[in-house]
Amino acid sequence: MKVIKPLNLIVIAALWFFLAGCTATRQKNESRMPFTIEILRDSREVVLTQTLPWEEQMMGYFKVLKIAPDFWQMWYSSWDNKRKDDYSDYLVYAYSKDGKNWIKEIPGRKNNILQGTGHPQKDGIVEQDVFIEPSAEFPYRMIYTAKDANDNDKEKTFIEESKDGINWINKNVLWNEKHDSQFPVIQKDSLYYIYLRHWDMKDKVRYRTIGLAVT
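None of these values were measured; they are calculated from a predicted model.

## Regarding the overall build of the protein chain
- When helices and strands are tallied, the protein chain shows 1 helix and 13 strands.
- Tracing the protein chain from N to C terminus, the helices and strands come up as β-α-β-β-β-β-β-β-β-β-β-β-β-β.
- Looking at the protein chain as a whole, 44% of its 215 residues are labelled buried.
- Long-range pairs, those at least 24 residues apart, make up 44% of the contacts in the protein chain with a sequence separation of at least 6.
- For the protein chain, the exposed area adds up to about 12,500 Å²; of that, 49% sits on carbon and sulfur atoms.

The following block contains the structure:
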């Protein structure tokens, strides 16, 4: 697997505040970003509820892909009531035939857990994003933050790949530092735009901004 390396890192703090506070607006700065955003008013509805023991405390970081006209896949994180650490979580999976009714199941398994074993372990992953490179042998790609057990549990950004979105292999370090915020990955022309949350220290104060890596 060819590991993605950032060619350029641009801090876009305004993007974070836009995404956090927008209601029914559209982002039009297409010269800066390869997409537009529109959020429809009164479009909220319940899609998923906490029904499993490993979802009792919290669920989050949902990513949904429409793979075929009648097949949708979802990846998300969950924590049980023993949670003591972000990484004592589970990467879980669901699928749907209509994008509204979801089945929390991995075919052939007793649960829908892809990775992570919960507290007291810290072997889970967070802030994951899944995207597809259709022409690749392993078209599914997942970027996430985790602790590196081989490097004193240092927080790093990793990438893995998969043929089906369920069985993941070829784990590599993407960045030797922590980035997060679900890594929206958008492909336009011959470039990939990876949006990420970046932590910056100044005078012992930690600031949170949004970064853009283009590869």
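The structure having been displayed, the exposition proceeds.
## Let's talk about the confidence of the model for the protein chain
- Summarising the model, the protein chain shows a mean pLDDT of 84, and 84% of its residues fall at 70 or more.
- Contacts of residues 1-30 to residues separated by more than four positions or lying in other chains number 67 contacts, the stretch itself having pLDDT below 50.

## So, the side chain of Gln182
- You can see Gln182 is positioned in the loop between strand E10 (168-175) and strand E11 (185-188).
- Polar side-chain contacts of Gln182 include one of 2.5 Å to the backbone oxygen of Phe62.
- Ignoring any residue separated from it by four or fewer positions in sequence, one finds Gln182 in contact with Tyr61, Phe62, Lys63, Glu127, Gln128 and Asp129.

## Examining the sheet that holds strand E9 (residues 154-162)
- Reading across from one edge, E7-E8-E9-E10 is the order of the 4 strands in this open sheet, with antiparallel pairing throughout. Lying at the two open borders of the sheet, with one neighbouring strand each, are strand E7 (126-132) and E10. Averaged over all adjacent pairs, the angle separating strand axes in this sheet is 30 degrees, with direction ignored.
- Here strand E8 (residues 140-148) runs beside E9; their pairing, made up of 9 bridges, is antiparallel. Bridging across to E9, Met142 finds its partner in Glu160.

## Here we look at the environment of Ile113
- Inspection of the secondary structure puts Ile113 in strand E6 (residues 113-115).
- According to the relative accessible area criterion, Ile113 is buried, its value standing at 16%.
- For the pair Ile113 and Ile166, spaced 53 residues apart in the sequence, the C-alpha separation amounts to 9.6 Å.
- Look past the residues within four positions of Ile113 in its chain and what remains in contact with it is Trp54, Tyr90, Leu91, Val92 and Ile106.

## Comments concerning the pattern of salt bridges
- Counted according to the given criterion, the structure contains 12 salt bridges.
- With its nearest N and O atoms 2.5 Å apart, the salt bridge here joins Arg83 to Asp86.
- Its relative accessible area of 26% is what places Arg83 among the partly exposed residues.
- The shortest N-O distance in the salt bridge between Lys178 and Glu155 comes to 3.6 Å. With a gap of 23 residues between them, Lys178 in the loop between E10 and E11 and Glu155 in strand E9 connect regions that are remote in the sequence.
- On the basis of relative accessibility, which here comes to 25%, the residue Lys178 falls in the partly exposed class.
- Among the charged side chains, a salt-bridge network with shared partners connects Glu127, Glu155, Lys178, Asp180 and Arg197.

Quick notes on the rules
- Residues numbered from 1 in each chain as written.
- Predicted model: local features only at pLDDT ≥ 70, side-chain atom pairs only at ≥ 80, totals over all residues.
- Heavy atoms only, no water.
- Helix = DSSP H or I, 4+ residues; strand = E, 2+ residues; numbered from the N terminus.
- Buried < 20%, exposed > 50% of the residue type's maximum accessible area, 1.4 Å probe, protein only.
- Contact = heavy atoms within 4.5 Å.
- Areas by Shrake-Rupley, 256 points an atom, 1.4 Å probe, with all protein chains shown as cover.
- pLDDT = per-residue confidence, 0-100.
- Polar contact = N/O pair within 3.5 Å; in protein donor to acceptor, adjacent residues only side chain to side chain.
- Pairing = 2+ DSSP bridges.
- Axes fitted to C-alpha atoms, helices over the stretch in contact; angles between N-to-C directions.
- Salt bridge = Lys/Arg side-chain N within 4 Å of Asp/Glu carboxyl O.

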